[in-house]
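A closer look at the structure
One letter stands for each residue in the lines below.
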Amino acid sequence: MSVASQKPLHVTTTLLDTIENELKALSWWQAVPPSAEDLASTLPFAVDTLSLAQWLQFVLLARLRDMLAAGMPLPTEISVYPVAQESFAGLSEDTRGLMAAIAQLDEALTGQPVKHEH
């Protein structure tokens, strides 16, 4: 996928804000970042050192916002939704809004539909 096929950047910015708001609504937003060592994980989604909510906040949102601010092309190969589905399965919190925003972000960046629950 080329960058030209992506939705307008303001859509991506809105989705990042929506994910942030959903994390805050779930009380998963953290004021204090994880340690530098935890953030330096080389595993996908930093599964060995961060929760998915921490990864969303301190890695994904931070990196995409930095890329937008710098005018850099955004990634076109991303698939966060399946990981979120697995990570949030069985939780008592209502993650539907967060899951929908993650699916929409995947779709906006890849240009491909994501099968998700509504």
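For the structure given in this document, a descriptive report is provided here. (Residues numbered from 1 in each chain as written. Predicted model: local features only at pLDDT ≥ 70, side-chain atom pairs only at ≥ 80, totals over all residues. Heavy atoms only, no water.)

1. Comments concerning the pattern of salt bridges
For clarity, the cut-off: Between Lys or Arg on one side and Asp or Glu on the other, a salt bridge is scored when a side-chain nitrogen of the former is within 4 Å of a carboxyl oxygen of the latter. By the criteria applied, helices consist of DSSP H or I runs no shorter than four residues and strands consist of E runs no shorter than two, each listed in order from the N terminus.
One pass over the full model with this rule turns up four salt bridges. Here D17 ties to R65 by a salt bridge, and the two come within 2.9 Å at their closest N and O atoms. Of the two residues, D17 is situated in helix α1 (residues 9-25) and R65 in helix α3 (residues 52-70); the sequence distance between them amounts to 48 residues. Here K24 and E20 are joined by a salt bridge, their closest N and O atoms 2.6 Å apart. Taken together, the residues K24 and E20, both in helix α1 and four residues apart, mark about one turn of the helix. Put simply, D17, E20, K24 and R65 are held in one network by salt bridges that share partners.

2. Quick look at the packing of helix α4 (residues 81-88) against helix α5 (residues 96-110)
For clarity, the threshold we go by: Each axis is a line fitted through C-alpha atoms, taken for helices only over the stretch in contact, and angles between the N-to-C directions span 0 to 180 degrees. Any angle that falls under 35 degrees is termed roughly parallel, while one over 145 is termed roughly antiparallel, one within 65 to 115 roughly perpendicular, and all others oblique. Here is the rule for handedness: rotate from the far helix to the near one, and if that takes an anticlockwise turn smaller than a right angle the crossing is left-handed, while a clockwise turn gives right-handed. The contact definition used throughout considers only heavy atoms, calling two residues in contact when any of these lie within 4.5 Å. The classification used treats Ala, Val, Leu, Ile, Met, Phe, Trp, Tyr, Cys and Pro as nonpolar, Asp, Glu, Lys and Arg as charged, and all other residues, Gly among them, as polar.
Running from N to C, α4 and α5 cross one another at 160 degrees; their axes reach a closest spacing of 9 Å. Considered as vectors, α4 and α5 are oriented roughly antiparallel to each other. α5 is crossed by α4, and the crossing has right-handed handedness. Contact residues: α4 offers Y81, P82, A84, Q85 and F88, while α5 offers L98, M99, I102, A103 and D106. Here the contact of α4 with α5 is composed, by residue class, of eight nonpolar, one polar and one charged.

3. Overview of the packing of α1 against α3
The N-to-C vectors of α1 and α3 enclose an angle of 155 degrees; their axes lie 11 Å apart at closest approach. Comparing their axes, α3 and α1 come out roughly antiparallel. Judged by the sense of rotation from one axis to the other, the crossing of α1 with α3 is left-handed. Two secondary-structure elements touch here, α1 through L9, T12, T13, L16, D17, I19, E20 and L23 and α3 through A53, L56, Q57, L61, L64, R65 and L68. Residue composition of the contact of α1 with α3, grouped by class: nine nonpolar, three polar and three charged.

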